[in-house]
Amino acid sequence: MATSFSSTSSSSSSAIASLVCVCLLSLLLGHGILRVEASHKVYRHLQSSESLADSSADQPYRTAYHFQPPKNWMNDPNGPMIYKGLYHLFYQWNPKGAVWGNIVWAHSTSKDLVNWIPHEPAIYPSQPADMNGTWSGSATILPNGTPVILYTGINPANQQVQNIAFPKKASDPYLIEWVKTPKNPLMAPTASNMINASSFRDPTTAWVGPDGRWRVIIGSKRGRRGMAILYRSKDFIHWVKAQHPLHSAPNTGMWECPDFFPVSTVSPLGLDTSSNGPRVKHVLKVSLDDTRKEYYTIGTYDPSKKDVYTPDAGSVEGDLGLRFDYGKFYASKTFFDSAKNRRILWGWINESSSVEDDIKKGWSGLQAVPRVIWLDKSGKQLVQWPVMELEKLRTGRVDVPSKLLRGGSKFEVSGFTASQADVELSFEVKNLDKAEKFDPSWVKAQDLCTQKTATVKGGIGPFGIMALASKGLEEYTAIFFRIFKGTNNKYVVAMCSDQTKSSLNNSTDKANYGAFLDVDPAKEKLSLRTLIDRSIVESFGGEGKGCITARVYPTKAIGDGAHLYAFNYGAGDVLISSFSAWSMKKAQIN
Ligand code: DQQ
């Protein structure tokens with residue numbers, strides 16, 4: 001049974017013994033970079049190396065209000081929930097270094113989703129069913145109000161199996177200690193169940209069907225077919241694999257971190273994961289191990305008949321499909337916040353920095369801000385918005401009066417902390433005559449944004465902002481729109497995040513990102529909200545219809561050297577109809 005992380009109980013000493021075995025094994029296997037079938041790059045020789053930096057010091061890239069651990073590597077958010085009025089976030093964490101490895105479930109709690117306090121790791125290898133790893137999973141609140149966690153364990157044969165953990169003291173709102181049952185694993189690959197033992201991971205929050213039985217899905221693949229394997233249980237302990245997966249799709253590869261949840265068709269309020277009925281649609285999100293991108297579909301789920309999920313006609317499966325975030329964002333997970341009746345999304349912002357730089361700074365990985373997520377009125381996509389609690393960090397508001405931004409112009413907005421800010425603006429384009437014709441070969445907005453960076457003049461656009469910009473614009477991250485004439489008198493709106501000039505450090509990943517926005521610029525304003533946090537530029541376009549997160553490492557645009565510009569490098573004029581910027585106070589993050 002698990003006690004405290006640092007205790008020397010027999011379970012943890014066996015855990016330590018197993019880690020030692022893993023290290024010995026890795027020595028035998030040799031050093032270097034391995035790509036195991038378990039998704040992350042493995043740098044065995046760096047897994048336990050002490051960082052060269054004091055990460056508690058005020059480094060320019062450590063964030064002020066995006067969640068990150070005090071030090072070391074972090075990846076997937078795990079088991080988010082609210083319990084006795086406290087928000088819990090667990091996450092995959094390496095206690096020993098700034099690269100992936102030695103993974104445990106680190107744990108923090110918060111009263112407001114903004115300020116967080118750290119606790120000892122909650123789940124770590126301590127029994128045969130998780131000797132070689134405690135990987136991702138989810139929390140479920142049982143009908144009696146007690147939470148349980150289902151997670152993936154890696155057993156001594158390096159098979160992926162599903163385990164359960166319970167709070168040691170349900171009366172403790174901080175849920176500091178977790179215990180495991182010797183019955184683990186509860187779900188495992190066997191000779192007869194056809195489960196691929198190296199592709200069976202990341203159980204979701206469970207839900208109850210009309211027959212009273214629990215259901216859970218686990219990410220998997222068969223050949224190149226990604227799938228969500230369905231299990232059912234009467235008591236949450238004995239699980240029986242269903243004959244059919246909940247859903248599968250060809251040529252998508254391994255589905256990591258699936259998330260399956262209901263959304264209301266009539267209200268933006270969130271729903272408990274077990275909700276269903278006539279005004280409910282379902283969402284299935286999967287994270288694609290092959291491309292490190294996620295996609296989701298919206299569809300119908302009838303647990304009383306076939307117990308399968310069917311995406312709506314026309315849904316695109318694969319990384320050309322709909323995405324929560326078109327930038328750096330992976331292994332995301334939602335939970336139902338029963339205190340405020342909303343569904344909240346967490347997502348891991350993976351790094352753009354090199355492994356060498358991660359070791360130097362002593363950490364790697366962040367979480368995007370928690371976002372409320374709901375079904376758009378069109379029913380065709382989801383919409384997201386940062387939780388309102390974040391607004392309490394806003395200070396020193398600067399407003400720019402409504403202003404015509406002529407084609408080919410830019411201006412600086414000052415008077416706030418441009419390296420740590422929340423910026424909200426909207427544009428109106430009164431005359432769209434100059435819009436260029438849309439080239440239908442731009443299937444992916446990312447391709448369009450890669451070809452047409454912020455300095456490439458267009459008809460209508462690019463117009464937007466340059467964030468984390470140095471005074472001489474040697475560095476900037478531009479978030480902007482371009483409007484094209486599509487077919488049937490419709491306009492196509494692309495939102496781009498251009499990182500090509502984000503840093504003079506050439507070892508960072510500077511890929512550009514893009515999303516098409518379902519907004520009609522002839523009738524609607526085009527809004528943009530950007531959260532700037534030292535090395536993060538997290539943007540919400542079209543009132544949350546398109547989100548793009550960029551991870552940037554400027555060398556000049558840090559601290560007071562960071563500026564913010566509004567620009568319009570298109571031929572046509574655009575009106576800035578509103579523009580507010582706030583400095584953001586520092587949150588208490590671990
Ligand atoms: N990360 C975990 C896995 C999951 C992957 C291991 C996704 O459980 O599939 O750290 O990033």
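Residues numbered from 1 in each chain as written. Predicted model: local features only at pLDDT ≥ 70, side-chain atom pairs only at ≥ 80, totals over all residues. Heavy atoms only, no water.

Turning to the packing of aromatic side chains, a few remarks are in order. With the rule as written, the count across this model stands at 30 aromatic pairs. Relative to Y569, the ring of F567 lies with its centre 4.9 Å away and its plane at 55°, an arrangement referred to as tilted. Judged by its relative accessible area of 19%, Y569 falls in the buried class. Put simply, the rings of F67, Y91, W116 and W346 touch in pairs and so form one group of aromatic residues. Against the face of W363 rests R62, its NZ or CZ located 5.6 Å from the ring centre. Here the guanidinium or amino end of K180 rests over the ring plane of Y124, the centre of that ring lying 5.7 Å away. (Phe/Tyr/Trp six-rings, centres within 6.5 Å; stacked < 30°, edge-to-face > 60°. Buried < 20%, exposed > 50% of the residue type's maximum accessible area, 1.4 Å probe, protein only. Lys NZ or Arg CZ within 6 Å of the ring centre and 35° of its normal.)

As a further point, take the pattern of salt bridges. For the coordinates displayed, the defined rule picks out 36 salt bridges. Measuring nitrogen to oxygen at the nearest pair gives 3.6 Å for the salt bridge that ties K523 to D520. By relative accessible area, D520 is classed as partly exposed at 24%. It is possible to trace a salt-bridge network through shared partners that takes in D211, R213, R215, R232 and D307. (Salt bridge = Lys/Arg side-chain N within 4 Å of Asp/Glu carboxyl O.)

In this section: the site of the ligand. Around the ligand there are 14 residues in total, and H40, D76, Q92, R201 and D202 lie nearest to it. Measuring from an oxygen atom of the ligand, one finds a backbone N or O atom of S136 at 3.2 Å. Within the side chain of R201, one N or O atom sits 2.8 Å away from an oxygen atom of the ligand. Here the ligand, which alone exposes 310 Å², has 100% of that area covered by the protein. Tallied by class, the residues present in the shell around the ligand amount to five nonpolar, five polar and four charged. (Near = heavy atom within 4 Å. Polar contact = N/O pair within 3.5 Å; in protein donor to acceptor, adjacent residues only side chain to side chain. Areas by Shrake-Rupley, 256 points an atom, 1.4 Å probe, with all protein chains shown as cover. Nonpolar A, V, L, I, M, F, W, Y, C, P; charged D, E, K, R; others polar.)

The subject of this paragraph is the state of the cysteines. Within the structure shown, the criterion is met by one disulfide. Paired through a disulfide, C449 and C496 show a sulfur-sulfur distance of 2.1 Å. Taking the torsion about the S-S bond as the criterion, the C449 to C496 disulfide, at about -70°, is left-handed. Placement of C449 in helix α3 (residues 445-451) and of C496 in strand β34 (residues 491-498) is noted, with a sequence separation of 47 residues between them. (Disulfide = S-S within 2.5 Å. Helix = DSSP H or I, 4+ residues; strand = E, 2+ residues; numbered from the N terminus.)

Before going further, it helps to spend a moment on the UniProt feature "domain: Glycosyl hydrolase family 32 C-terminal" (unreviewed entry) in the protein chain. With numbering aligned to this structure, UniProt lists the feature "domain: Glycosyl hydrolase family 32 C-terminal" (unreviewed entry) at residues 389-583. Note that residues 389-583 is 4% helix and 47% strand, and that its end C-alpha atoms are spaced 15 Å apart. (UniProt positions renumbered as here; feature names shortened; annotations may be inferred.)

UniProt's feature table lists "domain: Glycosyl hydrolase family 32 N-terminal" (unreviewed entry) at residues 66-386, given in the numbering used throughout. Summarising residues 66-386: 2% helix, 47% strand, and an end-to-end C-alpha distance of 11 Å.

Our focus in this paragraph is the domain arrangement of the protein chain. According to the domain assignment, the protein chain consists of domain 1 (8-35 + 72-384) and domain 2 (394-584). The distance between the C-alpha centroids of domain 1 and domain 2 comes to 33 Å. Taken together, the contact between domain 1 and domain 2 spans 27 residues of the former and 24 residues of the latter. Buried surface at the junction of domain 1 and domain 2, both sides included, amounts to about 2000 Å², of which 51% is carbon and sulfur. Considering only the side of domain 1, the residues that lose the most area to domain 2 are Y326, K328 and S352, jointly responsible for 28% of the buried surface there. For the interface between domain 1 and domain 2, the tally reads three salt bridges. Close ionic contact of E538 with R371 constitutes a salt bridge, the shortest N to O distance being 2.9 Å. (Domains from an automatic or database assignment. Contact = heavy atoms within 4.5 Å. Buried area = accessible area lost by both parts, 1.4 Å probe.)

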